[in-house]
Amino acid sequence: MRWNKKHIISIRDFSREEIDFVLKKSRDMEKKLKLGKTSSLMKDKILANLFFEPSTRTRMSFEAAMKKLGGVTIGFDYPGISSEVKGETIVDTVKIAAGYADVIVIRHPIEGSARLASENVDVPVINGGDGSNQHPTQTLLDLYTIKKEFKRIDGLNICVIGDLKYGRTVHSLTNALENYNVNLCFISPWELRMPRRMVKGLEAKGIKVRETTKLNIKNFDVIYVTRIQKERFPDPQEYERVKDAYILNMDAIEGIKNEAIIMHPLPRVTEISTDIDNTKYAHYFEQARNGIPVRMTLLCLVCGVKF
Ligand code: CP
């Protein structure tokens, strides 16, 4: 695959070989980072972070990744401070950013916005999350975290818990897992279950999928928890009904596999009790840290920088 100037919009745009390539290069990058050998790879390059929706991890880790590569960042972290408030369109905003930067990261509440942005500029665009649709760089760091722990993805038993209807991280992850030989279980309130097209996509690839409303997590290697996405509910009363549907606390994790890992893309609200943070199962803070080597790798690849 030609990576230089490649847009990263949907994980569906990548084959298993391409995903595995990013994971391997991210491992190489992490080693280089530890040896202090990355600080001039992106010297003189500029990243534009265009965040039309709040973010802690995605925005800060892209910024940190760019700085660790010797590059600089420009942009905005809240739409209220861009000219969107004066009526400027997404397309005009990204065209302007493309004139100032070598690579753009965009987060926007509208599904398809990152694709639209990529179709209008000739610098690489990376989707930092578009509505409930996709969050491909989150998925790559999720897979990186799993592979770092288990040295493989094939053969694992993975359960995904929470808001499977509106959660973009689980949509991207589900799409990516179509490429691997895994056993999947989706645990959610009935009204927040995984979209049918995604379940059908998995089944068409021969992936075993089980769906349930019961929080039985004893047999899984990876326990992937998500937040109920309050901001996506059209009806606030519906959110109130399901907001505390699942809470992972010390009682809930009793009897889970010794080698199990608990992941969460974060932010969390109440769905993982803070007691769990101090157990060997908690991998969500490390997962967030893994965003650095993975995003450093992606920035180098799409900017044509060899490492
Ligand atoms: N995981 C994630 O996308 O976090 P932020 O919303 O803080 O970027």
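Parameters and conventions
- Residues numbered from 1 in each chain as written.
- Predicted model: local features only at pLDDT ≥ 70, side-chain atom pairs only at ≥ 80, totals over all residues.
- Heavy atoms only, no water.
- Buried < 20%, exposed > 50% of the residue type's maximum accessible area, 1.4 Å probe, protein only.
- Helix = DSSP H or I, 4+ residues; strand = E, 2+ residues; numbered from the N terminus.
- Axes fitted to C-alpha atoms, helices over the stretch in contact; angles between N-to-C directions.
- Parallel < 35°, antiparallel > 145°, perpendicular 65-115°, else oblique.
- Contact = heavy atoms within 4.5 Å.
- Nonpolar A, V, L, I, M, F, W, Y, C, P; charged D, E, K, R; others polar.
- Pairing = 2+ DSSP bridges.
- Domains from an automatic or database assignment.
- Buried area = accessible area lost by both parts, 1.4 Å probe.
- Salt bridge = Lys/Arg side-chain N within 4 Å of Asp/Glu carboxyl O.
- Near = heavy atom within 4 Å.
- Polar contact = N/O pair within 3.5 Å; in protein donor to acceptor, adjacent residues only side chain to side chain.
- Areas by Shrake-Rupley, 256 points an atom, 1.4 Å probe, with all protein chains shown as cover.
- Patch = residues over 30% accessible without salt bridge, like charges linked within 9 Å, V, L, I, M, F, W, Y side chains within 5 Å.
- Phe/Tyr/Trp six-rings, centres within 6.5 Å; stacked < 30°, edge-to-face > 60°.
- Lys NZ or Arg CZ within 6 Å of the ring centre and 35° of its normal.

Draft legend 1. Structural context of helix H6 (residues 168-177). When you tally the buried positions in H6, you get 10 out of 10 residues, the bulk of the element. Residues of H6 that are buried include every one of Arg168, Thr169, Val170, His171, Ser172, Leu173, Thr174, Asn175, Ala176 and Leu177, and no others.

Draft legend 2. View of the packing of helix H1 (residues 16-34) against helix H10 (residues 291-302). Two elements in contact, H1 and H10, have axes whose closest approach is 8 Å; the angle formed by their N-to-C orientations is 110°. In terms of orientation, H1 lies roughly perpendicular with respect to H10. Here Phe21, Val22, Lys25, Ser26, Met29, Glu30 and Leu33 of H1 come into contact with H10, specifically with Ile292, Pro293, Val294, Met296, Thr297, Leu298, Cys300 and Leu301. Of the residues assigned to the contact of H1 with H10, the class counts are 11 nonpolar, 2 polar and 2 charged.

Draft legend 3. A look at the sheet that holds strand S3 (residues 103-108). Across the sheet, 4 strands lie side by side as S2-S1-S3-S4; this open sheet has parallel pairing. Either end of the sheet is taken by a strand with one partner, and the two such strands are strand S2 (72-76) and strand S4 (125-130). For this sheet, the mean inter-axis angle between neighbouring strands, taken without regard to orientation, is 15°. Where strand S1 (residues 46-51) meets S2, 5 bridges bridge the pair, whose relative direction is parallel. Paired with Leu50 across the bridge in S2 is Phe76.

Draft legend 4. The arrangement of unusual backbone geometry in detail. The omega torsion of the bond from Leu266 to Pro267 falls at 5°, within 30 degrees of zero and hence cis. Structurally, Pro267 is set in the loop between strand S9 (261-263) and helix H9 (284-289). We note that Asp44 has phi near 75°; this positive angle belongs to a residue other than glycine. Tracing the backbone through its elements, the reader meets Asp44 in the loop between H1 and S1. Of the residues examined, Asp44 reaches a relative accessible area of 66% and is grouped as exposed. The backbone of Leu266 shows a phi angle near 65°, a positive value even though the residue is not glycine. Here Leu266 is to be found in the loop between S9 and H9. A relative accessible area of 13% means that Leu266 is categorised as buried.

Draft legend 5. Molecular detail of the domain arrangement of the protein chain. When the domains of the protein chain are assigned, the result is domain 1 (11-135 + 291-302) and domain 2 (136-288). Computed over C-alpha atoms only, the centres of domain 1 and domain 2 are separated by 24 Å. Between domain 1 and domain 2, the contact holds 32 residues from the first and 29 residues from the second. Carbon and sulfur atoms make up 53% of the area that domain 1 and domain 2 hide from each other, which totals about 2600 Å². Glu53 is paired through a salt bridge with Arg232; the nearest N and O atoms lie 2.9 Å apart. Elements supplying a minimum of two residues to the side of domain 1 that touches domain 2: H1, helix H2 (57-68), S3, S4 and H10. The dominant element in the side of domain 1 that touches domain 2, judged by the number of residues it contributes, is H1, at 8 residues. Split into classes, the residues belonging to the side of domain 1 that touches domain 2 amount to 12 nonpolar, 10 polar and 10 charged.

Draft legend 6. Focus on the site of the ligand. Lining the immediate surroundings of the ligand are Ser55, Thr56, Arg57, Thr58, Arg107, His135, Gln138, Pro265 and Leu266. Residue Arg57 places a side-chain N or O atom 2.9 Å away from an oxygen atom belonging to the ligand. Here an oxygen atom of the ligand and a side-chain polar atom of Arg107 are 2.9 Å apart. Its free accessible area being 250 Å², the ligand has 92% of it covered by the protein chains. Taken together, the residues that form the shell around the ligand break down as 2 nonpolar, 5 polar and 2 charged. Counting contributing residues per domain, the shell around the ligand is built from domain 1 (11-135 + 291-302) and domain 2 (136-288), each supplying no fewer than three.

Draft legend 7. Main features of a nonpolar patch on the surface. A cluster of nonpolar side chains, contributed by Ile74, Ile96 and Tyr100, occupies part of the molecular surface with about 300 Å² of accessible area. As for its position among the elements, Ile74 is in strand S2. Ile74 sits in the partly exposed class, given a relative accessible area of 35%.

Draft legend 8. Structural detail: the packing of aromatic side chains. The full count for this structure, using the stated rule, is 6 aromatic pairs. Their ring planes at 20° and their centres at 5.7 Å tell us that Trp3 and Phe14 sit as a pair that is stacked. Of this pair, Trp3 sits in the segment before H1 while Phe14 is found in the segment before H1, placing the two residues 11 residues apart along the sequence. We classify Phe14 as buried; its relative accessible area is 8%. Through pairs of rings, three or more aromatic residues link up here, namely Trp3, Phe14 and Phe21. The ring of Phe307 carries Lys25 above its face, with NZ or CZ at 4.2 Å from the centroid.

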